[in-house]
Amino acid sequence: MSERKEKIFVTRASLPPFEEYEALIRRLWDTHFITNMGPYHKELREKLKAKLGVPDIELFVNGHMALELLIQAFSLKGEVITTPFTFVSTTHAIVRNGLKPVMCDVKESDGTLDPEKLEALITKDTCAIVPVHVYGNVCDNERIEKIAKKHGLKVIYDAAHAFGETVDGKGVATLGDASMFSFHATKAYNTIEGGAVAFDEGRTPGLADRLYKLKNFGITGKESIEFVGANAKMNEFAAAMGLVNLNHFEEWIAGRKRVYERYVRNLSTVKGVRVLEHRSDVTYNYAYMPIALDSECFDRDEIYERMVADGITPRKYFYPLTNDCECYRDVLDVNDTPVALKLSHEVLTLPIYPELKDEVIDEICDYFS
Ligand SMILES: *Cc1c(COP(=O)(O)O)cnc(C)c1O
């Protein structure tokens, strides 16, 4: 095969027209107010409340710190039930809070936490559940939250992949006690790097105040520091990018949908290729294009290597499982989650972004014919 002129990656950071960003950041040279909850930070926060349909939002430097500080804000102790079929950030955020992660297996159909397996993992030490809307596939929130309620557990969603989605017409951010979003460059909506916690102060009184202090050194006044806080503020350049990108989000989702549907059309009849499911009551954001390859028909790793050699880089999201990472191997056992383990050896997330050309999509699909 001839050398590709343009390398294809699993995603491509969505950027607005340069002039739109320039117009916003130009004003920063007038004010010199470039961080510490400036005007763009405030404006983005208000716009995201409307976009996500939640009463309260706190913005962060990235999604990981948003999740880590969110878990800290609940002052939890003991065990947290979560899944290993995710980016390692989810498990790290639990462990870095001194909490013990307990791994629940996932559903083969969509990779999200399997509520059937949840209750058996609850002990007297369980304090919370951190389910992941992996690939933007929204968890079985009703069953998870029913079980959580019965046992008095907090439900904190890792919604890093689910920006802009609705469930039965309501924003995905309204589920559970709180949700974390990531605005990393590789996500469907980005602020270069950034993150947010979405919640309802009416249901979790005091959370806004705790999150604010945790992201700003625990400072409570000009000369008083009452908490051992971190520094996890979103700066004005990031917030400005968020404001401009928000105006383009729907058009980008439409572009992703086109790509997704072409993949589905090409691959849905191929024996041994399974497109992961998402719920019919969810407006999907098409952030990822995950397929599972039946090992009887395909060698996932061989196809991956062949594509990379040809200049096309899909990803094996999520391989390895977090309970298979070197740093967790001694304390967690990958065999506790057999469905997740199987899925991690079958999945391939294919390139998806609004500008991906039809010819390239078809070329990628040819690897599975
Ligand atoms: C991206 C991601 C995070 C972390 O977000 P960052 O903004 O990169 O810090 C957490 N969880 C999941 C599932 C992610 O994909």
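Please refer to the structure higher up on the page.
Given the structure is predicted, the values throughout are model-derived calculations rather than measurements.

This brings us to the site of the ligand. In the vicinity of the ligand lie 15 residues, with Gly63, Asp158, His161, Ser182 and Lys187 positioned nearest. His64 places a main-chain nitrogen or oxygen 2.8 Å from an oxygen atom of the ligand. Contact between the ligand and Ser182: an oxygen atom at 2.7 Å from a side-chain N or O atom of the residue. Considering the ligand on its own, with 380 Å² of exposed area, one finds that the protein chains cover 93% of that surface. Listed by contribution, the elements that provide at least two residues to the shell around the ligand are α4 (63–73), α5 (89–95) and β9 (178–182). Here the residues of the shell around the ligand sort into 3 nonpolar, 10 polar and 2 charged.

So, on to the pairing of strand β4 (residues 100–103). In this structure, strand β3 (residues 79–82) lies alongside β4, joined through 4 bridges in parallel fashion. Across the sheet, residue Ile81 finds its bridge partner in β4, namely Val102. Tracing the backbone out of β3, into α5 and back to the parallel element β4 gives a crossover that is right-handed.

Enumeration according to the criterion identifies 29 salt bridges in this entry. Residue Asp358 pairs with Arg258 through a salt bridge whose shortest N-O separation is 2.7 Å. On the criterion of sequence distance, the pair formed by Asp358 in helix α12 (residues 358–365) and Arg258 in helix α9 (residues 249–267) is long-range, its members being 100 residues apart. Arg300 is the partner of Asp301 in a salt bridge, and the nearest nitrogen-oxygen pair spans 2.7 Å. Using a relative accessible area of 34% as the deciding quantity, one classes Asp301 as partly exposed.

Our focus in this paragraph is the environment of Thr126. Along the chain, the position of Thr126 falls in strand β5 (residues 126–130). Separated by 136 residues in sequence, Thr126 and Arg262 place their C-alpha atoms 44 Å apart. Within the local environment of Thr126, its side chain forms a polar contact with the backbone nitrogen of Thr123, the two atoms lying 2.8 Å apart.

Reading the values: rules and limits
Residues numbered from 1 in each chain as written. Predicted model: local features only at pLDDT ≥ 70, side-chain atom pairs only at ≥ 80, totals over all residues. Heavy atoms only, no water. Near = heavy atom within 4 Å. Polar contact = N/O pair within 3.5 Å; in protein donor to acceptor, adjacent residues only side chain to side chain. Areas by Shrake-Rupley, 256 points an atom, 1.4 Å probe, with all protein chains shown as cover. Helix = DSSP H or I, 4+ residues; strand = E, 2+ residues; numbered from the N terminus. Nonpolar A, V, L, I, M, F, W, Y, C, P; charged D, E, K, R; others polar. Pairing = 2+ DSSP bridges. Right-handed = clockwise from strand over helix to strand, strands pointing away. Salt bridge = Lys/Arg side-chain N within 4 Å of Asp/Glu carboxyl O. Buried < 20%, exposed > 50% of the residue type's maximum accessible area, 1.4 Å probe, protein only.

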